[in-house]
Amino acid sequence: MQKWYLQAVVRVYGPWTVSQTISARERALAIRRVRHATDALADLDARFPGTASGTGRAEVHDHSGMVPVTRDCPLACLGLSRHAANPLRSHLRDRVTVGQVLRLWEDNELQHVRGLGPRRIGEITTALIAAGFVLTPHSHG
Ligand SMILES: [Zn+2]
């Protein structure tokens, strides 16, 4: 399995995991594919630590091995692009943790964060799933 392929799977199916225009079954399939790909990616990173995509910032933990991301982790542990991370930081003000982002997601509040569009929300969702959190969206009937 190639790393670029797995990353492409995550990129393509990530936004699907929150799409309102597809059926619940398709959404479940997308979540499964993203999970599978991120698992395989974590595997690759564990086997070849040198290729891990971490940027070496001081506040980030090393989650490339078996260490899970927790709600108490700083936002940086999700590995978001700055386009997704900066709006979250200015919205939440304090030291931003993964748990706070999870709360925003669960309360359907991400769409109210200034500067976050559907694509960035998709990125954040994918990152939360990749970090191993099970996301349960509020149903819209
Ligand atoms: Zn962490």
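Residues numbered from 1 in each chain as written. Predicted model: local features only at pLDDT ≥ 70, side-chain atom pairs only at ≥ 80, totals over all residues.

Named according to an unreviewed UniProt entry, the chain is RNA polymerase alpha subunit C-terminal domain-containing protein originating from Thermomonospora curvata.

## Regarding the overall build of the chain
Of the regular secondary structure elements, the chain holds 5 helices and 0 strands. Ordered by position from the N terminus, the helices and strands of the chain form the series α-α-α-α-α. Across the 141 residues of the chain, 25% fall into the buried class. At a minimum sequence separation of 6, the contacts of the chain that also span at least 24 residues come to 53%. (Helix = DSSP H or I, 4+ residues; strand = E, 2+ residues; numbered from the N terminus. Buried ≥ 20, exposed ≤ 12 C-beta atoms within 10 Å, placed from the backbone. Contact = placed C-beta atoms within 7 Å.)

## Considerations on the nonpolar core
Within the largest apolar cluster, 26 residues are counted, with the highest numbers of intra-cluster contacts made by Val-34, Leu-78, Val-98, Leu-128 and Ala-131. Taken together, the elements giving at least two residues each to this core come down to helix H1 (3–13), helix H2 (24–47), helix H3 (82–92), helix H4 (98–106) and helix H5 (118–130). What Leu-128 contacts, discounting residues up to four positions off in sequence, is Leu-78, Leu-102, Trp-105, Phe-133 and Leu-135. (Core = buried A, V, L, I, M, F, W, Y, C linked by C-beta atoms within 7 Å.)

## Details of the environment of Arg-33
Inspection of the secondary structure puts Arg-33 in helix H2. The spacing of Arg-33 and Val-12 is 21 residues in sequence and 10.0 Å in space, taken between C-alpha atoms. Ignoring any residue separated from it by four or fewer positions in sequence, one finds Arg-33 in contact with Val-9 and Tyr-13.

## Points about H5
Compared with an ideal rise of 1.5 Å per residue, which puts 13 residues at 18 Å, H5 spans 18 Å between its outermost C-alpha atoms and is within 8% of the ideal. Listed in full, the buried residues belonging to H5 are Arg-120, Glu-123, Ile-124, Thr-125, Thr-126, Ala-127, Leu-128, Ile-129 and Ala-130. Positive backbone phi, at 100°, marks Gly-132, one or two positions downstream of H5. (Expected span 1.5 Å × (residues − 1).)

## Concerning unusual backbone geometry
If you check the backbone angles, Asn-108 has positive phi at about 60° while not being a glycine. Assignment of secondary structure puts Asn-108 in the loop between H4 and H5. A residue is classified by how many C-beta atoms lie within 10 Å of it, and Asn-108, with 11 of them, is exposed.

## Some remarks on the confidence of the model for the chain
Of all residues in the chain, 85% have pLDDT values of 70 or greater, and the mean over the chain is 82. Every residue in residues 51–58 scores below 50 in pLDDT, and together they form 7 contacts with partners more than four places removed in sequence or on other chains. (pLDDT = per-residue confidence, 0-100.)

## As for H3
Taken together, the buried positions of H3 are Ala-84, Ala-85 and Leu-88. Within H3, the buried residues cover an arc of 90° as seen down the axis, which keeps them to one side. Looking at H3, the residues exposed on the side facing more than 90 degrees away from the buried face are Arg-82 and Ser-90. Looking at the buried positions of H3, the neighbouring elements they touch are H4 and H5. One or two steps after H3, the chain reaches Arg-93, where phi turns positive at roughly 60°. (Arc of directions from axis to C-beta.)

## Observations regarding the environment of Ala-84
Mapped onto the elements of the fold, Ala-84 is located in helix H3. Taking the number of C-beta atoms within 10 Å as the measure of exposure, Ala-84 has 25 and is therefore buried. Sequence separation between Ala-84 and Leu-116 is 32 residues, and the spatial gap between their C-alpha atoms is 6.7 Å.

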